[in-house]
Amino acid sequence: MSDKVIDILEKSLGKTALVRLKNRGSLRGRLEGFDEHLNLVLRDAENISDARNVKKLGSIILRGDNIVTVSPPKSYPLV
Amino acid sequence: MSDKVIDILEKSLGKTALVRLKNRGSLRGRLEGFDEHLNLVLRDAENISDARNVKKLGSIILRGDNIVTVSPPKSYPLV
Amino acid sequence: MSDKVIDILEKSLGKTALVRLKNRGSLRGRLEGFDEHLNLVLRDAENISDARNVKKLGSIILRGDNIVTVSPPKSYPLV
Amino acid sequence: MSDKVIDILEKSLGKTALVRLKNRGSLRGRLEGFDEHLNLVLRDAENISDARNVKKLGSIILRGDNIVTVSPPKSYPLV
Amino acid sequence: MSDKVIDILEKSLGKTALVRLKNRGSLRGRLEGFDEHLNLVLRDAENISDARNVKKLGSIILRGDNIVTVSPPKSYPLV
Amino acid sequence: MSDKVIDILEKSLGKTALVRLKNRGSLRGRLEGFDEHLNLVLRDAENISDARNVKKLGSIILRGDNIVTVSPPKSYPLV
Amino acid sequence: MSDKVIDILEKSLGKTALVRLKNRGSLRGRLEGFDEHLNLVLRDAENISDARNVKKLGSIILRGDNIVTVSPPKSYPLV
C-alpha cells in the first residue's frame, strides 16, 4: 500500500473506524491492526447495517477482500 | 499478515473462534492452526448458521477465501 | 501501473476526482493518495450515486478492486 | 500453507476425506495428494450432495478454489 | 503482456479505442496510456452503451479487470 | 502443483480425461498437455453436458479457472 | 503456460481460432498474438454468439480472464 494509505491507517490505530462491506452493510470498531491486504483487526466491533438493530461482534479479524471503504475516526458523519 | 493479526490468531490457538462466511452463515470451532491466506484449522467445528439446528462438522480445514470475519475466543457474544 | 497512470494520479493529488464503482454507483472526493492496486484515499468524499441524495462520507480509503473508472479533476462533466 | 494445515493433510493421505464445495454440495474420497492451493487428488471419489443418490466419480483432481472445507478422516460425522 | 499486445496498444496511443466491458456496455476514448493489467488511460471518453444516449466522461483511468475486449483505432466498425 | 497432481496428469497424457466445469457441464477429450494453472489441452474434445446431444469441439485449450474436477482416464464411470 | 499450450498457440498464429467466453457466447478471429494470461490478439474478429447475426468486431485484444476455451484452426466444427 502507499505511504499515504498506511499513514492514515496508522494514525487511526486505537480509534473507531467505519467499514463498508461488499453486499454486507457496515461495521464499526476500534482499529487495532491492519496489513497490506487491508485485513483489519477491530475491537468492540458492531454490525451497524441496520441502524435500529446494532449487533455487537466483539473483537474481529476482517478479511480485506470484503471491504469497499474504510473511514478513519472523526472523518465520517453519523449513519 | 501484520504482526497484530498473527498475534491475535496465535493467542487464540487452542480456544474457540467464531467464523462468519461469505453467503454461508457461521462456523464455530477450536482454532488449531492458520496461515497467511487465513486458511484455518478448526477442531470440533460446528455449523451454527441455524441456531436451532447446529451441525457438528468435526475437524476441518477452512479455505480462507470463504471468510468475512474471525472472532477470537471470549470476544464475541452469544449469537 | 504505467508511468502514464501514475502521472495522472499524481497530478490529481489535492484535487477532486470522480470514481465509478462496480455495482455501487459513484463517489467523489479530493484525492489524497493512491497505490499500485488503485487503492485510493479520498477526503471530503461523497456518495453521489443518487443525485438528489448526496451522502457525505468524510475521509475514506477505497479498496481498488471496487473501481471501474477514476476521472481526474476538471476532466469530467457534471453528473 | 502453515505447517499445521500441511500436517493434517499429510496425516490424512490414504484415508477418506470429506470436501464441501462452494455451491456444489459435497465430495468424499481417499486423499492421495494435495498442494499449496488446496488442489486435491481423491481416489474412489463420490458426489454425496444428494444422500439418496450418491454418484461414483472415480479418481479426480479437485481444483482448490472450489473448496469451502476439507474434513480429515474420522473427524466428521455421518452426513 | 506479449510483445504483440504491447505493440498494438503502443501503436494505438493518441488514437481512439473502443472498449467492451464486463456487464457494463462499451466505452470509447483516445488511448493515452496502459499497463500490464490492461489498465487504460482514455481521454475524451464516452459511454456508448446506449447509442441514443452517449454520455461524455472526460478523461478516465479504466481498471483493467473490467475489460472484455479492446479494439484499436480504425479496426472496429460503427456500433 | 504437487508432485502427485503432476504425476497423475502426466500419466494421463494421450488418454481420455473427463472435466467438470463451473456452471458449464462437462467436457471429455484426450489430454495433450497441461500447466500449473490446470490449463489443459484436449484433443477430440466433446461437450457431454447433455448426454443426448454430445457436441464435438475438436482440439481445445481449456483455461484452468473454469475447472471443478479432472478425472484421469479409466478412473471414471460412464456418465 | 506449458510448452504444449504455447506450442499450439504458436502454430495457430495467422490462422482462425474460435474462442468461447464465460457468459458471452463465442468469438472467432485470426490469431495474431497471445501471452501467458491467455490474453489474445485477434484480427477480423467476429462475435458469432448468434449464428443468424454475426457481428464484425475488427481487430481486438481479448482479456484472457473472459475465456473458457480456445480452439485452434481446423480443429473445430461449424457452430
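Residues numbered from 1 in each chain as written. Chains lettered and ligands numbered in written order. Predicted model: local features only at pLDDT ≥ 70, side-chain atom pairs only at ≥ 80, totals over all residues. Heavy atoms only, no water.

(A) Spotlight on the overall build of chain A. Check the secondary structure of chain A and you find one helix and five strands. Walking chain A from its N terminus toward its C terminus, one meets helices and strands in the order α-β-β-β-β-β. Within chain A, the fraction of its 79 residues that count as buried is 57%. In chain A, of all internal contacts separated by at least 6 residues, the share reaching a separation of at least 24 is 42%. With an accessible surface of roughly 3700 Å², chain A has 48% of that area assigned to carbon and sulfur atoms. (Helix = DSSP H or I, 4+ residues; strand = E, 2+ residues; numbered from the N terminus. Buried < 20%, exposed > 50% of the residue type's maximum accessible area, 1.4 Å probe, protein only. Contact = heavy atoms within 4.5 Å. Areas by Shrake-Rupley, 256 points an atom, 1.4 Å probe, with all protein chains shown as cover.)

(B) Main features of the pattern of salt bridges. In this structure the tally under the stated criterion is 64 salt bridges over all chains. Between A:Glu32 and A:Arg30 there is a salt bridge, with its nearest N and O atoms 3.7 Å apart. If you follow the salt bridges from partner to partner, you end up with F:Arg30, F:Glu32, F:Arg43, F:Asp44 and G:Lys4 in one network. (Salt bridge = Lys/Arg side-chain N within 4 Å of Asp/Glu carboxyl O.)

(C) Molecular detail of the pairing of strand β3 (residues 40-47) of chain A. All names here are of chain A. Strand direction decides the pairing type here: strand β2 (residues 26-34) and β3, joined by six bridges, are antiparallel. Note on β3: the bridge partner recorded for arginine 30 is arginine 43. Between β2 and β3, which pair antiparallel one after the other, the connecting turn spans five residues, and leucine 38 there sits at a positive phi close to 70°. As judged from the six bridges shared by β3 and strand β4 (residues 55-62), these two strands associate in the antiparallel manner. Following the sheet pairing, asparagine 47 is matched in β4 by lysine 55. (Pairing = 2+ DSSP bridges.)

(D) The arrangement of the interface of chain F and chain G in detail. Taken together, the 18 residues of chain F in the interface contact 22 residues of chain G. With a closest N to O distance of 2.5 Å, G:Lys22 and F:Asp65 form a salt bridge. Among the elements of the structure, β2 (26-34) and β4 (55-62) of chain F are those that each provide at least two residues to the side of chain F that touches chain G. Across the side of chain F that touches chain G, the residue classes tally to seven nonpolar, five polar and six charged. (Nonpolar A, V, L, I, M, F, W, Y, C, P; charged D, E, K, R; others polar.)

(E) Structural detail: the relation of the copies chain C and chain A. The transform that puts chain C on chain A rotates by 51° and translates by 0.1 Å along the axis, for an RMSD of 0.0 Å. Comparing interface residues between copies, only 6% of those in chain C also sit at the interface in chain A, which points to a heterologous contact through distinct surfaces. (Least-squares fit on C-alpha atoms with pLDDT ≥ 70 in both.)

(F) Representation of the interface of chain C and chain A. Contacts between the two partners involve 18 residues from chain C, matched on the other side by 22 residues from chain A. Summed over both partners, the interface of chain C with chain A comes to about 1600 Å²; 58% of that surface belongs to carbon and sulfur atoms. For the pair chain C and chain A, the interface holds one salt bridge. Counting across the chain C and chain A interface gives six residue pairs in polar contact (both at pLDDT 80 or more). Contributions of two or more residues to the side of chain C that touches chain A are made by β2 (26-34) and β4 (55-62) of chain C. Looking at the side of chain C that touches chain A, the element that brings in the most residues is β4(C), giving seven residues. Looking at the side of chain C that touches chain A, its residues break down into seven nonpolar, five polar and six charged. Sheet topology note: the strand β5 (residues 67-71) of chain A/β4(C) ladder contains two bridges and is antiparallel. Bridge assignment links A:Val70 to a residue of β4(C), and that residue is C:Ile61. (Buried area = accessible area lost by both parts, 1.4 Å probe. Polar contact = N/O pair within 3.5 Å; in protein donor to acceptor, adjacent residues only side chain to side chain.)

(G) Fine view of the relation of the copies chain F and chain G. Once turned by 51° and shifted 0.1 Å along the axis, chain F lies on chain G with an RMSD of 0.0 Å. Both copies present different contact surfaces, since only 6% of the interface residues of chain F are interface residues in chain G too.

(H) Focus on helix α1 (residues 3-12) of chain F. What α1(F) keeps buried is the set F:Val5, F:Ile8, F:Leu9 and F:Ser12. Angular distribution of buried residues about the axis of α1(F) spans 95°; they occupy a single face of the element. Of the exposed residues in α1(F), those oriented more than 90 degrees away from the buried face are F:Asp3 and F:Lys11. Turning to α1(F), the residues buried within the fold contact β3 (40-47) and β4 (55-62) of chain D together with β2 and β5 (67-71) of chain F. Just downstream of α1(F), F:Gly14 is the residue with a positive phi angle, here 85°. (Arc of directions from axis to C-beta.)

(I) Representation of unusual backbone geometry in the model. Notably, B:Asp44 is not glycine yet its phi reads approximately 50°, a positive angle. Tracing the backbone shows B:Asp44 in strand β3 (residues 40-47). Unusually for a residue other than glycine, F:Leu38 sits at a positive phi of about 70°. Counting through the fold element by element, F:Leu38 comes out in the loop between β2 and β3 (40-47). According to the relative accessible area criterion, F:Leu38 is buried, its value standing at 2%.

(J) Looking closely at the environment of G:Asp44. All names here are of chain G. Remark: the alpha-carbon pair of aspartate 44 and lysine 11, spanning 33 residues in sequence, is separated by 18 Å. Once residues lying within four places of it in the same chain are set aside, the contact partners of aspartate 44 are Arg28, Gly29, Arg30, Gly58 and Ser59. Polar side-chain contacts of aspartate 44 include one of 2.9 Å to the side chain of arginine 30.

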